[in-house]
Amino acid sequence: MIPYGRQEVTEDDIEAVVKVLRSEFLTQGTLVPAFEEKLANYCDAAYAVAVNSATSALHIACLALGLGRGDYLWTSPITFVASANCALYCGANVDFVDIDPETFNICPKMLEDKLIKAERIGCLPKILIPVHFSGRPCDMKAIWSLSQKFGFRIIEDASHALGARYHSNPIGSCRYSDITVFSFHPVKIITTGEGGAALTNQIHLAKKMALLRSHGITRDSAEMIRSPDGPWYYEQTTLGFNYRLTDFQAAMGISQLDRLNNYLVRRHEISNAYDKLLAHLPLKIPSQDSEYSALHLYVIQLDLDNITQSRDEVFRSLRDRGINVNVHYIPIHMQPYFQAMGFRRGDFPVAERYYSKAISLPMFPALKDEDQLKVVSVLSSAIS
Ligand SMILES: *Cc1c(COP(=O)(O)O)cnc(C)c1O
């Protein structure tokens, strides 16, 4: 079975993790801050707050920006449900902006139109979450200038995009956003098992997120409301969670970060090879982009008007022959939970059309050349 995505764990990673397991601190030691520093440096951001998942990072990012009851958060319908659920955790409302059919990212023109309408009826969003789908950077300059005009804050969901660059700045530098979130789930660009991080250049947001990650408790007397009772004293100043990453996960993250650039090079090789090998098949390959993508996913769109099979049939014949393809994503507004909130089929037609044709092909650094050729030959025989 060839998976669509798979982690690579090396002897160096294992050694780094084992070293922590033999040490005194499994959690709350020195390696989480070391991982945060390395990640922030790589991304050219001032602060990184490491947590146990990107879902947790999205939650505390929303809270740090003050999202609450009655507020609106907007995101893309073509993303993992976590990009929308973070609004619901905060008691806020969620809405979506349809995608651009070429980039599969949120469409800045449709965003602008929706903002103008929302302004008229007085329900502008407090937060927008652009998602760098497949690792391809969104049009952040356009989104940033709309945020200045309409007064919303920006959290980049960069779960797919560690290592990507926008206008030569690393994604995560928060040049055009308040906070950027990464995921370290095994299918993502680097992994810590489960894990995530929120990056920012604003110290008050970094402090707030660090507090929310650990029960809302501080041990820093400068942050306290009362004077300490004694050296044991800690203070809960807000309601937080236990969203901490462990030190052995951080050790793995540090070790994986050392290979990030090699991973990106390999993902680009695989993508270039697919571009060539698939050029003559009745399908659409991802469009070219002037920005540097992290290439988390390689998504093809079947040319359903010119083949006899349905997407479902092509998908099944790939799976039956050992190619574990996937579909990213079922548009969120079509999920039963969101339909119960009032969303309907037809609300975001570009996303729905994209969904009806999309298949994600295997894409991960350890994919062997011969396996990639097998994917292509199975795919060619599955469509005609
Ligand atoms: C994977 C993913 C998440 C959630 O990441 P976890 O670390 O699994 O919580 C959120 N958004 C997007 C776009 C993702 O791909």
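For the structure, check the block above.
What you see is a predicted model; the values in this text were computed from it and never measured. (Residues numbered from 1 in each chain as written. Predicted model: local features only at pLDDT ≥ 70, side-chain atom pairs only at ≥ 80, totals over all residues. Heavy atoms only, no water.)

(A) Quick look at the nonpolar core. The biggest cluster of nonpolar side chains holds 48 residues, and the ones touching the most others in it are Leu73, Ile155 and Ile179. The set of elements that each furnish at least two residues to this core consists of strand 1 (47-51), helix 3 (54-64), helix 4 (82-89), strand 3 (93-96), strand 4 (127-129), strand 8 (179-183), helix 7 (203-213) and helix 12 (349-357). Here this core takes seven residues from helix 3, the largest share from any one element. Once residues lying within four places of it in the same chain are set aside, the contact partners of Ile179 are Ala61, Leu65, Ile154, Ile155, Glu156, Cys174, Ala198, Leu199, Thr200, Leu205 and Met209. Ala48, Leu115, Ile154 and Phe182 belong to the second largest nonpolar core, which has 44 residues in total. (Core = buried A, V, L, I, M, F, W, Y, C linked by side-chain atoms within 4.5 Å. Buried < 20%, exposed > 50% of the residue type's maximum accessible area, 1.4 Å probe, protein only. Helix = DSSP H or I, 4+ residues; strand = E, 2+ residues; numbered from the N terminus. Contact = heavy atoms within 4.5 Å.)

(B) Looking closely at the sheet that holds strand 12 (residues 283-284). If you trace the three strands from one edge of the open sheet to the other, you get 12-13-14, paired in antiparallel fashion. Only two strands of the sheet have a single partner each, and these edge strands are strand 12 and strand 14 (358-361). One ladder, built from four bridges, connects strand 13 (residues 298-302) with strand 14; its direction is antiparallel. Looking at strand 14, one finds that Val299 is bridged to Ser360. Along the sheet, helix 10 (residues 311-320) contacts strand 13 and strand 14; its crossing angle with strand 14, the most-contacted strand, is approximately 20°. (Pairing = 2+ DSSP bridges. Axes fitted to C-alpha atoms, helices over the stretch in contact; angles between N-to-C directions.)

(C) A look at the site of the ligand. Near the ligand lie 15 residues; those nearest to it are Thr55, Asp157, His160, Ser183 and Lys188. Contact distances for the ligand include 2.7 Å between a nitrogen atom and a side-chain N or O atom of Asp157. Within the contact set of the ligand, an oxygen atom lies 3.2 Å away from a side-chain nitrogen or oxygen of Tyr329. In isolation the ligand exposes 390 Å². Once the protein is present, 92% of that is buried. Breaking the shell around the ligand down by element, the ones donating at least two residues are helix 3 and helix 4. Residues that form the shell around the ligand fall into these classes: five nonpolar, eight polar and two charged. (Near = heavy atom within 4 Å. Polar contact = N/O pair within 3.5 Å; in protein donor to acceptor, adjacent residues only side chain to side chain. Areas by Shrake-Rupley, 256 points an atom, 1.4 Å probe, with all protein chains shown as cover. Nonpolar A, V, L, I, M, F, W, Y, C, P; charged D, E, K, R; others polar.)

(D) Region of the structure containing the packing of aromatic side chains. Going through the model one piece at a time under the given rule, you end up with 13 aromatic pairs. Centroid distance Phe104 to Tyr354: 4.6 Å. Interplanar angle 45°. Geometry classified as tilted. With Phe104 in the loop between strand 3 and helix 5 (108-120) and Tyr354 in helix 12, the pair connects residues that are 250 residues apart, well separated along the chain. Taken as a pair, Phe104 and Tyr354 share a single burial class, namely buried. Where Tyr337 meets Phe338, the ring centres are 5.8 Å apart and the plane angle is 75°; that geometry is what we call edge-to-face. Of the residues examined, Tyr337 reaches a relative accessible area of 58% and is grouped as exposed. The exposure class assigned to Phe338 is buried, which follows from its relative accessible area of 2%. Just above the ring of Trp74 sits the side chain of Lys114; from NZ or CZ to the centre is 5.3 Å. (Phe/Tyr/Trp six-rings, centres within 6.5 Å; stacked < 30°, edge-to-face > 60°. Lys NZ or Arg CZ within 6 Å of the ring centre and 35° of its normal.)

(E) Molecular detail of the sheet that holds strand 9 (residues 196-200). Sheet architecture is open: seven strands sit in the order 1-9-8-5-4-2-3, paired in mixed fashion. In this open sheet, the two strands that pair with only one neighbour each are strand 1 and strand 3. Each adjacent strand pair in this sheet contributes to an overall mean axis angle of 20°, direction not counted. When strand 1 meets strand 9, the two strands line up antiparallel, connected through five bridges. Bridge pairing in strand 9 places Val51 opposite Gly196.

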